[in-house]
Amino acid sequence: MNKQTLFELLQQQGVSRRGFLKYCTALTSLMALPASMISTVAQALESARRPSVIWLSFQECTGCAESLLRSHSPTVEGLIFDHISLDYQHTLQAAAGEAAEHAREQAMKENYGNYLVVVDGSIPLADPGYSTIAGMSNLDMLNDTVAGAAAVIAVGTCSAYGGLPHAAPNPTGAVSVSSLIKDKPVINVPGCPPIPTVITGVLAHYLTFGSIPELDRLGRPKVFYGQSIHDRCYRRPFYDKGLFAETFDDEGAKKGWCLYRLGCKGPMTYNACATLKWNQQTSWPVESGHGCLGCSEPDFWDAGSFYKALSIPDGDYARAAGYAVASGVVLGAAAGFANQKTKSAAVSQHTKVSVDDFSLNQKDTNK
Amino acid sequence: MELFSNANDFLLWTRGDAFNIAIGLFIIGILIRLLEIFLLGRKQDFSEPRGSEWGPGLKNIITRSVVDNGTFKRAPFVVVVGYIWHICFFIILLFFVPHIELIHAMLGLKWPGLGSQFIDASAVIAMVALLAMLWHRLTHPVLKFLSTFEDYLVWLVTFLPLLTGYIAFHRMIDPYPLALGLHILSVELLLIVFPFTKLMHAITLFIARWYTGAMMGRKGIES
Ligand code: SF4
Ligand code: SF4
């Protein structure tokens, strides 16, 4: 099955040449490539083989898989998903226990060096017992599976940056995939959850070109994470004009003004929500009236209140100020008294000069 | 990169611990300086007052903001550029919405902000004014001779928040959390340096003006 090319597979399903080109057009735009790339994509796909994909779920909530699977069919996402060979995904596969693990080992053996590993969830290091699959710790399973992989795709903020399990005080010692895997390309597709289109866009890129897309400094594909929410936000003109919603139900909120004062983290968040949107391009969080939480950024859970503006200090500054006032008063008083002492010492050491002293000196100099 | 695993950590640090340290040192410094002045006291004045102190003192705080002709004739450049700089600086400080949010969070006061084009223009003018003043200081022989390290330090810590703020606003450094973090850090530097340098004039000017006005008022002199 895996020897089949994508084009052959589509043909088998009765997709015409025209349909195939339409599919390529959709794919090209999905990967955020210019229209001039359509023929390149088509050529690449005609010979592309179905990659085997092993999906590992560690400390996660299944939200990322849901995000992908709940996207309505038939979509380009759905098509992509159909055309990878998903050989192991323990939420979806029928097999359980030993049979399931056998499927993983089988896929690894058959496609050694060529399969893709998708990971959702973080890996606990504090105690391997916090999360195991078939008696195997997450760390062991990751190392074991990644050994023969062509690349790893870390789907969701938990596997990309540690996510919720990594939030302070991080009881399980959760870490990201990229902090463990150093000898294979790791593509981070963060988001809580990531936009399904982005997940499939990355898969499509690999499928089409057999290579990984260009990544930013946090390991995210630049095509999807290259711009901040704030830069592409349709509420941005209000931000620039200084028009802000003050509460979630005031006039400003009703008029669609900027949500900065309500804690929007759009200015520090790099993701594609503002352009790709959610639920078949229906809407996205800021459009529905709630500020961005910054879900595609490392440690966004620890970045202070979701409802505090980004410019507001986050620590216990009132306490710091209280201590400062107390010690300032003490130090100031000490400095004040020291000065007073200097002053009175100067006064007491002051010797008066009389007219006689002056004339005496004059005489002296006259000599 | 070792200290902070990513730019967001750095931003969080500047908004958290670093801010606490800076605001703490700022308050301690201001209190030391003020108590030093007030505790020194004045000898009691036994003469019969000829007028009130409070009214003329408060009036003097305002009237002294107007330049007198003599000063203007002697140093027109310093007066004009000085005014432009201070006005632009206060526009940015008090009417940029993220700044208002900060004041609101700390003091509970809130007012409407200005559109970014005003803030942006003010920032550019303020930076040009500061650069012009530095150039003036470096080229004016007497001023240059009188300038100390403190003068240049004060210039730098005032200029940096403007520059980093401008960079953050226009997202000229990638990633944005780094740009914003640098801006906040530069303001924290300003807060720490403030009480111990001539920047303190922003507070002591009120005391000095009030005192002059009050003394004159007591003696029955029009100030
Ligand atoms: S709503 Fe958020 S992302 Fe949109 S302009 Fe305002 S601050 Fe930026
Ligand atoms: S708007 Fe922000 S918090 Fe919401 S999904 Fe997009 S990146 Fe995540």
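Just so we're clear, the structure is a prediction, and the values are computed from it rather than from any experiment. (Residues numbered from 1 in each chain as written. Chains lettered and ligands numbered in written order. Predicted model: local features only at pLDDT ≥ 70, side-chain atom pairs only at ≥ 80, totals over all residues. Heavy atoms only, no water.)

### Overview of the overall build of chain A
At step 1: On a plain count of helices and strands, chain A comes out with 17 helices and 9 strands.
At step 2: Rg of the C-alpha trace for chain A: 32 Å, well past the compact-globule value of 21 Å for 367 residues, more than 25% over.
At step 3: In chain A, once contacts between residues fewer than 6 apart in sequence are set aside, the share between residues at least 24 apart is 74%.
At step 4: In the structure as shown, chain A presents an accessible area of about 17300 Å², 57% of it carried by carbon and sulfur atoms.
At step 5: Put simply, chain A has 30 plus and 33 minus side-chain charges, and the middle of one group is 9 Å from the middle of the other. (Helix = DSSP H or I, 4+ residues; strand = E, 2+ residues; numbered from the N terminus. Rg over C-alpha atoms; globule rule 2.2 N^0.38 Å. Contact = heavy atoms within 4.5 Å. Areas by Shrake-Rupley, 256 points an atom, 1.4 Å probe, with all protein chains shown as cover. Lys, Arg positive; Asp, Glu negative; His and termini not counted. Charge placed at Lys NZ, Arg CZ, Asp CG, Glu CD.)

### Let's talk about the packing of helix 7 (residues 116-139) of chain B against helix 9 (residues 149-169) of chain B
Pairs of packed helices are described in terms of their axes, by the angle between the two and the distance that separates them.
All names here are of chain B.
At step 1: For the pair helix 7 and helix 9, interaxial distance at closest approach is 10 Å and the crossing angle is 150 degrees. Regarding the angle of helix 7 to helix 9, the classification is roughly antiparallel. For the pair helix 7 and helix 9, the crossing hand works out as left-handed. Contacts from Ser 116, Asp 120, Ala 123, Val 124, Ala 126, Met 127, Leu 130, Leu 131, Leu 134, Arg 137 and Leu 138 in helix 7 reach Asp 151, Tyr 152, Trp 155, Thr 158, Phe 159, Leu 162, Leu 163, Tyr 166 and Phe 169 in helix 9.
At step 2: Considering only residue class, the contact of helix 7 with helix 9 consists of 15 nonpolar, 2 polar and 3 charged. (Axes fitted to C-alpha atoms, helices over the stretch in contact; angles between N-to-C directions. Parallel < 35°, antiparallel > 145°, perpendicular 65-115°, else oblique. Left-handed = near helix turned anticlockwise from the far one by under 90°. Nonpolar A, V, L, I, M, F, W, Y, C, P; charged D, E, K, R; others polar.)

### Focus: the site of ligand 1
Residue and element names in this part refer to chain A.
At step 1: Contacts to ligand 1 come from 13 residues, most closely from His 230, Cys 233, Cys 258, Leu 259 and Cys 264.
At step 2: In a pocket analysis with a 2 Å cut-off to the grid points, ligand 1 is assigned to the largest cavity.
At step 3: Those elements giving two or more residues to the shell around ligand 1 turn out to be helix 12 (229-232) and helix 13 (236-241). (Near = heavy atom within 4 Å. 1 Å grid on protein atoms, 1.4 Å probe; cavity = no way out; pocket = protein on both sides within 12 Å on 5 of 7 lines; lining within 4 Å. Sits in = over half its atoms within 2 Å of the grid points.)

### Re the site of ligand 2
At step 1: Taken together, the neighbourhood of ligand 2 is formed by Ile 229, Thr 269, Asn 271, Cys 273, Trp 278, Pro 285, Cys 292, Leu 293, Gly 294 and Cys 295 of chain A.
At step 2: Partitioned by chemical class, the residues of the shell around ligand 2 number 7 nonpolar, 3 polar and no charged.

### What about the interface of chain B and chain A?
When the parts of a complex come together, some accessible area is lost, and that lost area is often used as the size of the interface.
At step 1: Contacts between the two partners involve 41 residues from chain B, matched on the other side by 46 residues from chain A.
At step 2: In total, about 3700 Å² of surface goes out of reach between chain B and chain A, with carbon and sulfur atoms giving 59% of it.
At step 3: A per-residue breakdown of the area chain B buries against chain A is headed by Arg 15, Leu 39 and Arg 171 of chain B, which together make up 18% of the total.
At step 4: Summed over the shared surface of chain B and chain A, the number is 3 salt bridges.
At step 5: Between Glu 101 of chain B and Arg 261 of chain A there is a salt bridge whose closest N-O contact spans 2.6 Å.
At step 6: Counting the contacts that link chain B with chain A gives 17 residue pairs in polar contact (both at pLDDT 80 or more). (Buried area = accessible area lost by both parts, 1.4 Å probe. Salt bridge = Lys/Arg side-chain N within 4 Å of Asp/Glu carboxyl O. Polar contact = N/O pair within 3.5 Å; in protein donor to acceptor, adjacent residues only side chain to side chain.)

### Thoughts on the packing of helix 3 (residues 54-63) of chain B against helix 11 (residues 201-219) of chain B
Residues and elements named next belong to chain B.
At step 1: Viewed as axis vectors pointing N to C, helix 3 and helix 11 meet at an angle of 135 degrees, and their least axial separation amounts to 7 Å. As the angle between them shows, helix 3 and helix 11 are arranged oblique. Here helix 3 and helix 11 pass one another in a crossing that is right-handed. The residues of helix 11 that touch helix 3, namely those facing Trp 54, Pro 56, Gly 57, Leu 58, Asn 60 and Ile 61, are Phe 206, Arg 209, Trp 210, Thr 212, Gly 213, Ala 214 and Gly 217.
At step 2: Considered class by class, the residues forming the contact of helix 3 with helix 11 number 7 nonpolar, 5 polar and 1 charged.

### Examining the domain arrangement of chain A
Residues and elements named next belong to chain A.
At step 1: Assigned domains of chain A: these are domain 1 (2-225) and domain 2 (229-302).
At step 2: Computed over C-alpha atoms only, the centres of domain 1 and domain 2 are separated by 28 Å.
At step 3: Buried area between domain 1 and domain 2, summed over both chains or domains, comes out near 1600 Å², and the portion from carbon and sulfur atoms is 64%.
At step 4: Of all residues in domain 1, Cys 192, Ile 195 and Tyr 225 give up the largest surface area on contact with domain 2, accounting jointly for 29% of the area buried on that side.
At step 5: On inspection of domain 1 and its partner domain 2, the count reaches 1 salt bridge.
At step 6: Seen at the junction of domain 1 and domain 2, the total is 6 residue pairs in polar contact (both at pLDDT 80 or more).
At step 7: Those elements that provide at least two residues to the side of domain 1 that touches domain 2 are helix 8 (157-161), helix 9 (163-166), helix 10 (196-209) and helix 11 (222-225). (Domains from an automatic or database assignment.)

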